[in-house]
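# Coordinate analysis (summary)
Here's the letter readout for the chains.
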Amino acid sequence: MPVIVVEVMPKAELLDPAGKAVAGALARLGSTPFSDVRIGKRFELTVDGPADDKALSAARELADTLFSNSVIEDVVSVKVADE
Amino acid sequence: MTRIGVITFPGSLDDRDAQRAIRLAGAEPVALWHGNHDLGGVDALVLPGGFSYGDYLRCGAIASLSPIMSEVIDAANDGMPILGICNGFQMLVEAHLLPGGLVRNDHGSFICRDQRLRVENNSTAWTNGFEAGAEITIPLKNGEGGYIADTDTIARLEGEGRVVFRYLEVNPNGSLNDIAGIANERGNVVGLMPHPEHATEEGFGPDTPAAMRNGTDGLTFFTSALNALSVA
C-alpha cells in the first residue's frame, strides 16, 4: 500500500534542546564536518487506497492540525514515499 | 456543596492530589474520565498534571482530542471555571482554549523545585482570593514548561492583564517574559505550569520560613473558584 510521509521540524528560531544535546555528543566524537544538529519528526501514513490528491490533501490537513503545532513547529514536507 | 470535577487521562499523575486539594478547600471533588462525553454536572473543572499518553506527539496534544474535551471546550465557552495544571495547561493550549505553546525547558533538563511566583492578576476565577501582586510559593516540576508565543500574542496577553502568574527569582524553564500562567479573555480558564494542588495542607507543602513543608499558598486557587461560583 502507498505511504505518505509528513515531516515536521521545530521552528528555526526556537532552541531545539534535543538537537543541541546530540550536537554536543558529535563534538565529543572529535572532528566531523557538521556544525549543528536539529531533530524533527517523520510520520508515515499508510494510505487505504491510492495516494492521490485527495489523500495528499487529507495528509496536509492532518499535518497542520494534529501532527504539528504551528506555535512551535513547521510542516516541512508532505509527499508520497518512493515505492 | 460545590462540585469540582477532576478529569483523569491515561497518564495523569496528580488527579488524586487535585481531588484532595478540592476537598481541603471545602468542595466536593468529582472524578471524571477522559473517555466519557460527560462532565457529571460539576460546577468547575481541573485538568491535572501528569504525562498523558506518555507525552507522545506533543505534551497534552493527544489528550486534547479526548472525547470529554468537546464538553470541556463548551463549558469553557459558557464561562465555567477551568484550571489546567502542568500537563493540564499543555492540554488547554493544544485545545486552543489558551494561546501559545509549551516547549522543552531551555536548559534541557527536568526541573523540580519550590517556585516563587507573583500573582499578576487577582481577578480570575482561580486567583480572586489573592491580594494584588501577592508573592506565593508552590512546587514546580516539569520537563517541557517553557512558555512561548509570537510577539503579538505576548503583547496582547501583557496588555490585557492575562499573564496571571510570573516566575520570581528564577526562570526555571526559559518561559518568555517569565510567564508561569495565563488566562483566557474572560478569566474563567487559567493554566499554569507550577502545581498549586501540592501546597494545600501543612506538613505536605513547600518549606516556609516558619516550618518545613508548611506552605499552603495553593489552597487559595481552589477557594477562589468557590468564591467565583458563589458570586456568579
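The numbering scheme is per chain: residues are counted from 1 as the chain's sequence reads. Working convention: letters from A go to chains and numbers from 1 go to ligands, in the order in which they are written. Side-chain atom pairs in this predicted model are given and counted only at pLDDT of 80 or more, local residue features only at pLDDT of at least 70, and totals for whole chains, interfaces and linings cover all residues. No hydrogens and no water enter the side-chain calculation; it runs on all heavy atoms of the structure.

### A word on the pairing of strand β3 (residues 44–47) of chain B
Residue and element names in this part refer to chain B. Test applied: Here the term buried applies to any residue with accessible area under 20% of the maximum for its type, exposed to any over 50%, and partly exposed to those in between, with areas from a 1.4 Å probe on protein chains only. Secondary structure is summarised from DSSP: a helix means a run of H or I of at least four residues, a strand means a run of E of at least two, and numbering begins at the N terminus for each. The pairing criterion for strands is at least two bridges between them, as found by DSSP.
Burial along β3 is two-sided: A44 and V46 facing one way and L45 and L47 facing the other are all buried. Across 3 bridges, strand β1 (residues 3–8) lies against β3 in parallel orientation. For V6, the partnering residue across the bridge sits in β3 and is V46. Two strands pair when backbone bridges link them, and β3 and strand β4 (residues 82–85) are joined in this way by 3 bridges, in the parallel orientation. Bridge assignment links L47 to a residue of β4, and that residue is G84.

### Quick notes on helix α4 (residues 151–159) of chain B
Residue and element names in this part refer to chain B. Rules: Taking the helix axis as origin, the arc is that swept by the directions to the C-beta atoms. When checking whether two residues touch, look at their non-hydrogen atoms; a contact exists if any pair is within 4.5 Å.
Looking only at α4, the buried set comprises T153, I154 and L157. All buried residues of α4 project into a common sector of 100° when viewed along the axis, lining one side. Of the exposed residues in α4, the ones pointing more than 90 degrees away from its buried face are T151, D152 and G159. In this structure, the buried side of α4 is in contact with β8 (146–148), β9 (163–167) and β10 (179–183). Just beyond α4, the residue with positive phi is G161, at close to 70°.

### Let's talk about the sheet that holds strand β3 (residues 73–80) of chain A
All names here are of chain A. We apply this condition: Lines fitted to C-alpha atoms define the axes here, with helix axes fitted over just the stretch in contact, and angles between the N-to-C directions of these axes take values from 0 to 180 degrees.
Read from one edge to the other, the open sheet built from 3 strands follows the order β2-β1-β3, with strand pairing classed as antiparallel. The open sheet has two edge strands, β2 (41–46) and β3, and neither has a second partner. Direction aside, the axes of adjacent strands within the sheet are offset by 20° on average. Across the sheet, helix α2 (residues 53–67) touches β1 (3–10), β2 and β3, and the angle it forms with β3 is around 160°.

### A word on the interface of chain A and chain B
What counts is decided by this rule: Using a 1.4 Å probe, buried area is obtained as the accessible area two parts lose upon being combined, added over both of them. Salt bridges are counted wherever a side-chain nitrogen of Lys or Arg sits within 4 Å of a carboxyl oxygen of Asp or Glu. Polar here means any residue outside two lists: the nonpolar Ala, Val, Leu, Ile, Met, Phe, Trp, Tyr, Cys and Pro, and the charged Asp, Glu, Lys and Arg; Gly therefore counts as polar.
Taken together, the 12 residues of chain A in the interface contact 14 residues of chain B. Across the chain A/chain B interface, buried area totals approximately 980 Å², and carbon plus sulfur atoms make up 69% of it. Between chain A and chain B we count 1 salt bridge in total. With a shortest N-O distance of 3.7 Å, R58(B) and E73(A) are connected by a salt bridge. Secondary-structure elements contributing two or more residues to the side of chain A that touches chain B are β2 and α2 of chain A. When the residues that make up the side of chain A that touches chain B are grouped by side-chain class, the tally is 8 nonpolar, 2 polar and 2 charged.

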